Amino acid sequence: MIQPRHAYFGGRLVPYGEARVGVLTHALNYGTAVFAGLRAFWNAEEEELFVFRPLDHFRRFLESAKLLGMRLPETAEGLAASLTELLRAELYREDCYIRPLAFYADETVGVRLHDLTPQVSMVAFPYGRYVPNEEDVHATISSWRRVDDNMIPARGKIAGAYVNSAFAKSDAQRAGFDEAIVLDAGGHVSEGSAANFFLVKDGALVTPPVTENILEGITRRTVLELARREMNLPAIERSIDRSEIYLADEAFLCGTGIQLAAITRVDHRPIGTGRIGPVASDLRRLYFDVVRGKRPEYRSWCAPVYSGKSDLARPEEAPAEIAATAGKPFRLAR
Ligand SMILES: Cc1ncc(COP(=O)(O)O)c(C=O)c1O
């Protein structure tokens, strides 16, 4: 992974090496942090970097923080503005991943969520695929069960809860699979290790409802909207039994990291034909056009970083005030 040059840390941009915490930090010891994961997509024709649905991501980020009782002064709009500053400082001209984090920063001992001080950080770095074979994923049904809303709410991106995802992912990969499908305590399909689940059956999309201990994915919301609007495909949110997966025509995972990945086999059973199907293929094509800002009707989801001034993206041609900040700390202009 390429290390970023800058970080948003303590309300300003600093060199990445200065964004550090001590080993007693509460969040590091007890998982008391929440995070987000966004992508920015490089559009070569327009020489523009587009952040996909930043306000939706930051709103969920703030809701996750609220679940942990964090009182953050930031707004979704303010965080989006800070992200633009960060990306402009990095001068990326390629696809990237963005990681905002809100964590309890106190260097203290004691398991709790109250009387603690949250801090926000954000970094961005070049990033490609999360799984190498997005069109041919072999998944397994995990023996781990999804954390329940009354244990650690899955609708928040709570750092500590990701140990649950890590168990599922590592066991799947060590057993030779690409991904895990995780069931809830009642045995219904919840989601992947870090992605939402869909199946296609008899011309309809089916996905677990938000009450099935899933993260309410922004890609999931995007897929539901694109399927209904662009493909005239009915989309049903309901509980899914494990054996329905085996009998599905198609299945796929979606999320900011994994993007839209076709599941072609589950525990060595072929799904449908055992190859990527027409619905997943069409949705993938549509999705990649939309996120790169190539579909005018969805352009409002894509926030341009360089505001059409493509020369800002070239370090050697960057205006003096932008170039001067590269690699140096400076306060964010808000
Ligand atoms: C557990 C989990 N489910 C689903 C998703 C997909 O969410 P989104 O599409 O908002 O990235 C993620 C990804 O961040 C995740 O971690």
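Before reading on, note that the structure itself is shown above.
The text that follows walks through the structure, step by step, so that each part is easy to find. (Residues numbered from 1 in each chain as written. Predicted model: local features only at pLDDT ≥ 70, side-chain atom pairs only at ≥ 80, totals over all residues. Heavy atoms only, no water.)

## Considerations on the pairing of strand E5 (residues 48-52)
Using the following cut-off: The cut-offs for exposure are 20% and 50% of the maximum accessible area for each residue type, with area from a 1.4 Å probe on protein chains only; residues under the lower value are buried, those over the upper are exposed, and the others partly exposed. In this text, helices come from DSSP runs of H or I with a minimum length of four residues, and strands from runs of E with a minimum of two, each type numbered from the N-terminal end. A pair of strands is considered paired only if DSSP assigns at least 2 bridges between the two.
The buried count for E5 comes to five of five residues, which makes it a mostly enclosed element. Bridge count for strand E4 (residues 38-43) against E5 is four bridges, and the pairing is antiparallel. Within E5, the position partnered with Asn43 by the bridge is Glu48. Between E4 and E5, which pair antiparallel and follow one another directly, the connecting turn spans four residues, one of which, Glu47, has a positive phi of 50°. The pairing of E5 with strand E17 (residues 302-304) spans three bridges and is classified as antiparallel. When the sheet's bridge partners are listed, Phe52 is paired in E17 with Cys302.

## As for the packing of helix H2 (residues 54-67) against helix H3 (residues 76-90)
For any two helices packed against each other, the geometry comes down to the angle between their axes and how far apart the axes lie. Definition in use: Where helices are involved, their axes are fitted lines through C-alpha atoms of the stretch in contact, as for all axes, and angles between N-to-C directions lie from 0 to 180°. Note on angle classes: values under 35 degrees are labelled roughly parallel, values over 145 roughly antiparallel, values of 65 to 115 roughly perpendicular, and the remainder oblique. Take the far helix as your reference; a near helix turned counterclockwise from it by less than a right angle gives a left-handed crossing, and one turned clockwise gives a right-handed crossing. Residues are treated as being in contact if the distance between any of their heavy atoms lies within 4.5 Å. Under the grouping applied here, Gly and all other residues not named as nonpolar or charged are polar, the nonpolar ones being Ala, Val, Leu, Ile, Met, Phe, Trp, Tyr, Cys and Pro and the charged ones Asp, Glu, Lys and Arg.
Running from amino to carboxyl end, H2 crosses H3 at an angle of 120°, the nearest separation of the two axes being 9 Å. The orientation of H2 with respect to H3, classified from their angle, is oblique. Of the two elements, H2 crosses H3, and the hand of that crossing is right-handed. Only Ala76, Glu77, Leu79, Ala80 and Leu83 of H3 make contact with H2, whose side of the interface consists of Pro54, Leu55, Phe58, Arg59, Phe61 and Leu62. For the contact of H2 with H3, a count of residues per class yields nine nonpolar, no polar and two charged.

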